[in-house]
Amino acid sequence: MQAFITRETLPSLPPPNTIKGPMAWMRQNLFSSVGNTIVTVVIVLAILSALIPFINWAFIKADWIGTSREDCTSGGACWVFVYVHLKLFMVGLYPESEVWRTLLVGAILVVTLAGLMIKAVPFKKYIQIFAIIVFPVIAFILLSGDSFGLPHVETNFWGGLLLTLVIAIVGIVAAFPLGILLALGRRSSMPIVKAICVVFIEVWRGVPLITVLFMSSVMLPLFLPEGMEINKLLRALVGITLFQSAYLAEVVRSGLQAIPKGQYEAANALGLTYWQGMYKVILPQALKIVIPGIVNSFISLFKDTSLVLIIGLFDLLATIQGAFASPKWLGYAIEGYLFAALVYWIFCFSMSRYSQHVERSLKTTH
Amino acid sequence: METATQTKPEIAVSLRDVNKWYGEFHVLKNVNLDVERGQRIVICGPSGSGKSTMIRCINRLEEHQAGQIIVDGIELNNDLKNIDQIRREVGMVFQHFNLFPHLTVLENCCLAPMWVRKIPRKEAEATAMEYLERVKIPHQAKKFPGQLSGGQQQRVAIARSLCMKPRIMLFDEPTSALDPEMIKEVLDTMIELAESGMTMLCVTHEMGFAKTVADSVIFMDAGQIIEMNTPDEFFNHPQHERSKLFLSQILGH
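K.L.:
Would you explain the overall build of chain B in this entry?
P.N.:
In terms of regular secondary structure, chain B is built from ten helices and ten strands. Its C-alpha atoms give chain B a radius of gyration of 18 Å, near enough to 18 Å, the size a compact globule of 253 residues would have. Each principal axis of the C-alpha distribution contributes one length, and for chain B these read about 55 × 45 × 45 Å. The proportion of buried residues among the 253 residues of chain B is 53%. Approximately 11600 Å² of chain B is accessible, and the part contributed by carbon and sulfur atoms is 49%.

K.L.:
Looking at this structure, I do not really get the packing of aromatic side chains. What am I missing?
P.N.:
For any two aromatic rings, the description comes down to two numbers: the centre-to-centre distance and the angle of the planes. Taken as a whole, this structure holds 22 aromatic pairs over all chains when the rule is applied. With 6.1 Å between their ring centres and 40° between their planes, A:Phe54 and A:Trp57 make a pair best called tilted. One end of the pair is A:Phe54 and the other is A:Trp57, both in helix H2 (residues 34-60) and three residues apart, which spans about a single turn. Classification of A:Trp57 as partly exposed rests on a relative accessible area of 23%. Taken together, the aromatic side chains of A:Phe54, A:Trp57, A:Phe59, A:Trp64 and A:Trp79 make up a single cluster linked through ring pairs. Between the NZ or CZ atom of B:Arg160 and the centre of the ring of B:Phe100, over which it lies, the distance is 4.5 Å. The cationic tip of B:Lys211 hangs over the ring face of B:Phe235; the distance from NZ or CZ to the ring centre is 5.1 Å.

K.L.:
I would appreciate a short explanation of the sheet that holds strand S3 (residues 40-44) of chain B in the present structure.
P.N.:
Whether parallel or antiparallel, the strands of a sheet pair through hydrogen bonds between backbone atoms. Residues and elements named next belong to chain B. Here we have six strands laid out as an open sheet, ordered S6-S7-S8-S3-S9-S10, and mixed in their pairing. Of all the strands in the sheet, just strand S6 (90-93) and strand S10 (224-229) have a single pairing partner and so form its edges. Neighbour to neighbour, the strand axes of the sheet diverge by 20° on average, direction disregarded. In this sheet, strand S9 (residues 216-221) lies alongside S3 in parallel orientation, the contact comprising four bridges. For Val 42, the partnering residue across the bridge sits in S9 and is Val 217. Helix H7 (residues 180-195) contacts S3, strand S7 (168-172) and strand S8 (199-203) of the sheet and is inclined by roughly 150° relative to S8.

K.L.:
Just checking my understanding: could you explain the pairing of strand S1 (residues 11-22) of chain B for this structure?
P.N.:
In the case of a regular strand, side chains alternate between the two sheet surfaces. Residue and element names in this part refer to chain B. Bridge count for S1 against strand S2 (residues 25-36) is eight bridges, and the pairing is antiparallel. Along S2, the bridge assignment pairs Val 18 with Val 31. Where S1 folds back onto S2 in an antiparallel hairpin, the turn is made up of two residues, including Gly 23, whose phi is positive at roughly 65°. Here S1 pairs with strand S4 (residues 66-71) via five bridges, running antiparallel.

K.L.:
When you look at the confidence of the model for chain B in this model, what are you seeing that I'm missing?
P.N.:
Should pLDDT be low for a region, the predicted coordinates there are not to be read in detail. Predicted confidence across chain B gives a mean pLDDT of 90, with 95% of residues reaching 70 or more. Taken over the whole predicted complex, pTM reads 0.86, whereas the ipTM for its chain interfaces reads 0.91.

K.L.:
Sorry, what's going on with the nonpolar core here?
P.N.:
Side chains that are nonpolar tend, in soluble globular proteins, to be buried together. By size, the foremost hydrophobic cluster in this structure holds 96 residues, and its most contacted members are A:Trp158, A:Leu256, B:Val13, B:Leu15, B:Ile43 and B:Leu201. With eleven residues, helix H9 (residues 232-258) of chain A is the largest single contributor of residues to this core. Built from parts of two domains, this core gets at least three residues from each of domain 1 (80-94 + 158-362) and domain 2 (95-152) of chain A. With residues near it in sequence (within four places) discarded, B:Leu201 still touches B:Val13, B:Leu33, B:Val35, B:Ile41, B:Ile43, B:Ile55, B:Ile58, B:Ile168, B:Met169, B:Leu170 and B:Phe171. Listed in part, the 47 residues of the second largest apolar core include B:Val42, B:Cys44, B:Val186 and B:Met198.

The rules we used
Residues numbered from 1 in each chain as written. Chains lettered and ligands numbered in written order. Predicted model: local features only at pLDDT ≥ 70, side-chain atom pairs only at ≥ 80, totals over all residues. Heavy atoms only, no water. Helix = DSSP H or I, 4+ residues; strand = E, 2+ residues; numbered from the N terminus. Rg over C-alpha atoms; globule rule 2.2 N^0.38 Å. Buried < 20%, exposed > 50% of the residue type's maximum accessible area, 1.4 Å probe, protein only. Areas by Shrake-Rupley, 256 points an atom, 1.4 Å probe, with all protein chains shown as cover. Phe/Tyr/Trp six-rings, centres within 6.5 Å; stacked < 30°, edge-to-face > 60°. Lys NZ or Arg CZ within 6 Å of the ring centre and 35° of its normal. Pairing = 2+ DSSP bridges. Axes fitted to C-alpha atoms, helices over the stretch in contact; angles between N-to-C directions. Contact = heavy atoms within 4.5 Å. pLDDT = per-residue confidence, 0-100. Core = buried A, V, L, I, M, F, W, Y, C linked by side-chain atoms within 4.5 Å. Domains from an automatic or database assignment.

So this is what it looks like as structure tokens:
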């Protein structure tokens, strides 16, 4: 055999340049052969033939501002419908003179969220405490009133996007810790705790949300003592929270199962108690793994809030449907649904983008 | 007074007729063992012989079903207080390091002192840096475990255990998952620890380590302690047939 000994240490070189610019990319991927070119052209034409009429209808020939359907004369989309009803869609029947309160709550929420999400903002711990403990109190006082000289606004008057957000945020914030506790309980070695959690999760996952809402609004009052009444919105919130927590529990449990046994053992061996180990070692890792699943649940919860229509709560979608069903505005369902879709999409897409950002920032390897 | 403690050394770990089963499988059979304070014990034996199970019983990662285990004067039973107290005094190093990947090296080392011993962060970090220096990786303190080599991770794991200032250290095959080049750095750390007088129980097949630091070598097979002797005697004049066979197989190649 011929022996070999290297005579030099090779230097590290930069990788070969693979960036070629859009023209080169198109030539390589879209027009590389005759067949490829034909397919590309056909698909582009198909997209354009659908897109151009839509853009024409939705933007170019559309009417934007006015006071009644008589202002829609161009033959395109009648966004006047949305323009006129914007207050209804945003806050429902909330009294006109008190709308500033909802805007103030919204502003505080936006500032708080920005404080939580933007890395450069200091005092994260205090902002978290504010967001979890102080903000709900402020929001409730402002929205509901009846104290600090604010007139009382019954929850019956809450509606539109306001109601959608109240239900979604309360549902998300309340269901999350409950879901974690249920997931831990289902993996508990204590048979009674485990049994309670399994039964709870399986019962709530097994029934449709519509049934839950219907039960909470129609059946529950029958079992309550006479004269005792629980606010309709509160009943819906409790129902949605319990329903959502069962789903979240299973998502979190899948994360707990993905954590190697060695992590539990190391936490135990160091003397950490069960709750310390869970809080500092296991849950941070498990929740990181299941961020996509958690956000998936949150997004579906956000959209499921539209089901509260069946118990007579008027959320965003319900107010829109109500508006185009009125005789004055018959026939503008398309505009209404498109607007609803756009609003839902903005919120859901934001959640999705933010979760991707969180996932990236939690990466601890190369 | 001093001669009195020397003639009657304190017992750090004592196992009396310990038995354990995995289902029907009898994994520990009447294990009896006394470890004096400051003693270094190496436990070896074929895989499945119960050696890991035995040391994992000492800090209750596994539960024994019969017999008595006394650690640092405290009996291990179902009393959670006793278990917590023993785990504080017993450090453990695992085959697969088991560092917490979401925490930096420094945070790994400070977690238990801060939460279990309630030591303020500043003090815990100072102690952690001291031990990281002792295992020769203070400059990696801000990195995450995933960014370190296996040998470095294991040294961090040793430092993490030492930060709790344990009185007894358990090692469960600390070098078995390491590349050959990295075994030495971990063994050097362990040898240094042994020389500082730590009570150590090591499950390992590093016979060089056993010869250098061990006070006695335990050979286990099929859940039983087969032979226990000084390293010199054990390696040069094994008594039991099973020990002879084991040694000839690991040293013969």
